[in-house]
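Here is what each chain is made of, one letter per residue.
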Amino acid sequence: KNAPPEVHYWIPYLGSAIDFSLNPIEFYAKNRAKYGDVFTYTMVGRKFTVCLGVEGNNFVFNAKLADVSAEESYKPLTTPVFGKGVVYDCPNHMLMEQKRFVKWGMSNDAFRAYVPQIVEETEDYFKRWNNETGGRADVFTAMAELIINTASRTLMGPEIRAIMDESVAQLYHDLDDGFQPINMFFEWLPLPSYARRDSAHVKMRNIFMKVIEQRRANNETHHTDMLQSLMNQTYKDGTPFTDKDAGHLMIALLMAGQHTSSTSATWGLLYLAQNPELIERLLEEQKDVLGSVDAPLTFDALKNMTLLDNVVRETLRLRPPIIMILRKVVRPVVFPGSNYVIPKGNYVAASPLATQVDEQYFKDAMKFNPDRWDSLKKEEDIGDDGIDFGFGKVAGAGGARNPSLPFGAGRHRCIGEPFAYVQIKTILATFVRMYDIRLTEKGLPEPDFTKMFVQPKLPVEIDYKPRK
Ligand code: HEM
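Fair warning: this is a prediction, and the values are worked out from it, not measured in the lab.

A. Up close: the overall build of the protein chain. Secondary structure assignment for the protein chain yields 19 helices and twelve strands. Its C-alpha radius of gyration of 22 Å places the protein chain within 12% of the 23 Å reference for a compact globule of 468 residues. Taken along its principal axes, the extent of the C-alpha atoms in the protein chain is 65 × 55 × 45 Å. Burial statistics for the protein chain: of 468 residues in total, 57% are counted as buried. Within the protein chain, contacts between residues at least 6 apart in sequence are counted, and of these 73% link residues at least 24 apart. Summed over all atoms, the accessible surface of the protein chain reaches about 19600 Å², with 54% contributed by carbon and sulfur.

B. Representation of the site of the ligand within the structure. Around the ligand there are 29 residues in total, and Tyr88, Lys99, Arg327, His412 and Cys414 lie nearest to it. Taking arginine 327, its side chain carries an N or O atom lying 2.8 Å from an oxygen atom of the ligand. Between an oxygen atom of the ligand and a side-chain N or O atom of histidine 412, the distance comes to 2.5 Å. Those elements that provide at least two residues to the shell around the ligand are α5 (92-104), α13 (243-274), β5 (325-329) and α19 (417-434). Broken down by element, the residue count for the shell around the ligand peaks at six residues, all from α13. When its residues are assigned to classes, the shell around the ligand shows 18 nonpolar, seven polar and four charged.

C. Quick peek at the confidence of the model for the protein chain. Mean pLDDT over the protein chain works out to 91, with 95% of the residues at or above the 70 mark. With pLDDT under 50 throughout, residues 382-398 is counted as low confidence; its partners more than four residues away or in other chains account for 39 contacts.

D. Representation of helix α14 (residues 276-290). With 15 residues, α14 ought to run about 21 Å at 1.5 Å a step, and its terminal C-alpha atoms sit 21 Å apart, in line with that. Of all the positions in α14, only Leu278, Ile279, Leu282, Leu283, Glu285 and Gln286 are classed as buried. Across the axial projection of α14, the buried residues extend over an arc of 155°, all falling on one side. Each element contacted by the buried residues of α14 is listed here: α13, α16 (306-318), α19 and β9 (435-439). Downstream of α14 by a residue or two, glycine 291 has a phi angle that is positive, lying close to 90°.

E. Region of the structure containing the sheet that holds strand β2 (residues 46-51). Judged by pairing direction, the sheet is mixed, and its five strands sit side by side in the order β1-β2-β8-β5-β3 without closing on themselves. Of all the strands in the sheet, just β1 (38-43) and β3 (68-69) have a single pairing partner and so form its edges. Sheet analysis places β3 next to β5, joined by two bridges and oriented antiparallel. Within β5, the position partnered with valine 68 by the bridge is valine 329. The sheet strands contacting helix α2 (residues 24-35) are β1 and β2, and the helix crosses β1 at an angle near 130°.

F. Structural view of a nonpolar patch on the surface. On the surface, Trp10, Ile11, Ile18 and Leu22 cluster together into a nonpolar patch covering about 510 Å² of accessible area. Structurally, the position occupied by leucine 22 is in helix α1 (residues 17-22).

G. Examining the sheet that holds β9 more closely. Here three strands make up an open sheet; going across it, the order is β4-β12-β9 and the pairing antiparallel. Each having just a single partner strand, β4 (135-138) and β9 make up the two edges of the open sheet. Averaged over all pairs of adjacent strands, the angle between their axes in this sheet comes to 40°, without regard to strand direction. As judged from the five bridges shared by β9 and strand β12 (residues 461-466), these two strands associate in the antiparallel manner. Bridge assignment links aspartate 436 to a residue of β12, and that residue is lysine 465. Packing of α13 onto the sheet brings it into contact with β9 and β12, and relative to β9 it is tilted by some 80°.

H. A look at the pattern of salt bridges. Per the stated rule, a full pass over the model turns up 31 salt bridges. One salt bridge connects arginine 32 with aspartate 37, and the closest N-O pair in it is separated by 2.7 Å. Residue class for aspartate 37 comes out partly exposed when judged on its relative accessible area of 35%. Between glutamate 417 and arginine 413 there is a salt bridge whose closest N-O contact spans 2.8 Å.

I. Up close: the packing of helix α4 (residues 70-82) against helix α11 (residues 192-217). As a packed pair, α4 and α11 sit with axes 8 Å apart at the nearest point and diverge in direction by 50°. The orientation of α4 with respect to α11, classified from their angle, is oblique. Contacts from Pro80, Val81 and Phe82 in α4 reach Arg197, Asp198 and His201 in α11. Along the lines of polarity and charge, the residues of the contact of α4 with α11 split into three nonpolar, one polar and two charged.

Scoring rules and cut-offs
Residues numbered from 1 in each chain as written. Predicted model: local features only at pLDDT ≥ 70, side-chain atom pairs only at ≥ 80, totals over all residues. Heavy atoms only, no water. Helix = DSSP H or I, 4+ residues; strand = E, 2+ residues; numbered from the N terminus. Rg over C-alpha atoms; globule rule 2.2 N^0.38 Å. Buried < 20%, exposed > 50% of the residue type's maximum accessible area, 1.4 Å probe, protein only. Contact = heavy atoms within 4.5 Å. Areas by Shrake-Rupley, 256 points an atom, 1.4 Å probe, with all protein chains shown as cover. Near = heavy atom within 4 Å. Polar contact = N/O pair within 3.5 Å; in protein donor to acceptor, adjacent residues only side chain to side chain. Nonpolar A, V, L, I, M, F, W, Y, C, P; charged D, E, K, R; others polar. pLDDT = per-residue confidence, 0-100. Expected span 1.5 Å × (residues − 1). Arc of directions from axis to C-beta. Pairing = 2+ DSSP bridges. Axes fitted to C-alpha atoms, helices over the stretch in contact; angles between N-to-C directions. Patch = residues over 30% accessible without salt bridge, like charges linked within 9 Å, V, L, I, M, F, W, Y side chains within 5 Å. Salt bridge = Lys/Arg side-chain N within 4 Å of Asp/Glu carboxyl O. Parallel < 35°, antiparallel > 145°, perpendicular 65-115°, else oblique.

Here you go:
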């Protein structure tokens, strides 16, 4: 058996980094035509073996722990930001338990409480727009700021929301500056942003620990947020999940949920601005479900808004924020049904984006068409391929052969999906009640693939008109 074919490159060390990051969709398509579904390319001195197609996705997402490691791929980036003892800085079985703790904080009861809070934050946020005559506004900034408010109000807790505008937003920015693709490759560089990141990490963790301490001291048990659910957890073997661990996991959730949700909400609004008839249909749907567009939005009503759900699903199909799923090969591994052995030390990469825009699975793949989901199987219809988490199934864990996998699959699958849907749907539903929007003469922005989470190329403006 042989190693997979390698993409030729001219620039030593850097390899295909530029070609890839300018447009990964084209890069993969071009090389797939030459080499097939499995091939290796070099970027910044590292070898990445991409496994395309649904079989490639399934291979990477369901690979054995003894063969590949997510920790070895992500740790240099995540541990300094999240902190020690959580996510990729602990054995996988502990991450699995941490995901169980997190699941606790995402109950339907929690979501019922979150929806009105997200509505209120959204209405409050847009008071700064011109609500007399309308105008042109940067939706990317708006979604980034709004989502840090909504996520802190709901998951992080009211204490954190209360200090968001002063201290927490700055700490978040310092952490975020240390959470970029460059940090994955150059962890040894003495960047000034690293010192700011490290200091922000300690301060942020301490803020969470202090809130926990206060809640305990005051015997506050009424909170429904994530912090509360992480406060008193214990691993199955009796090891306590400490307040420090809770602080670290809270930072991890903040970082995992922020850009993913805010870029998705931004793309969602852009696609609506491109297809204004959908905005009208969304309002019709609200009338059908709630009787009127003035009735309060509720979690249970949102569940019945199929078009809204399909808008989010279609947005994530076309513009998934995470386009490279990586595992480091720790033992040479054969790609099933092939002659290829992927060497130890390579990274294997899955690209759900590639299957999500493949004509083989999605007709007129580049077209934004939420109605296609009326007749397509959604992830939850397919079910789990059988990864045993040791504590039952993670909500909505989808089979890894589904061509649309914006939340991944298998043991590392996203735990935040239900929350992301609730948050994005509530924001979009509230937004269309307030504004009618159109793209500017510049049209739909192109994606910028050089960012950690794919975002629209700046500036991201839309024209808006208040409804009332
Ligand atoms: C994992 C996507 C929102 C927490 C993942 C993975 C993907 C993903 C693709 C798998 C990574 C891998 O296999 O290497 C998204 C998208 C989101 C989103 C598209 C929003 C639109 C959130 C939110 C949270 C969150 C809101 C938390 C509140 C996590 C966690 C993991 C994860 C804890 C597990 C990491 C692991 O087990 O290795 N997400 N995510 N995500 N996500 Fe999300």
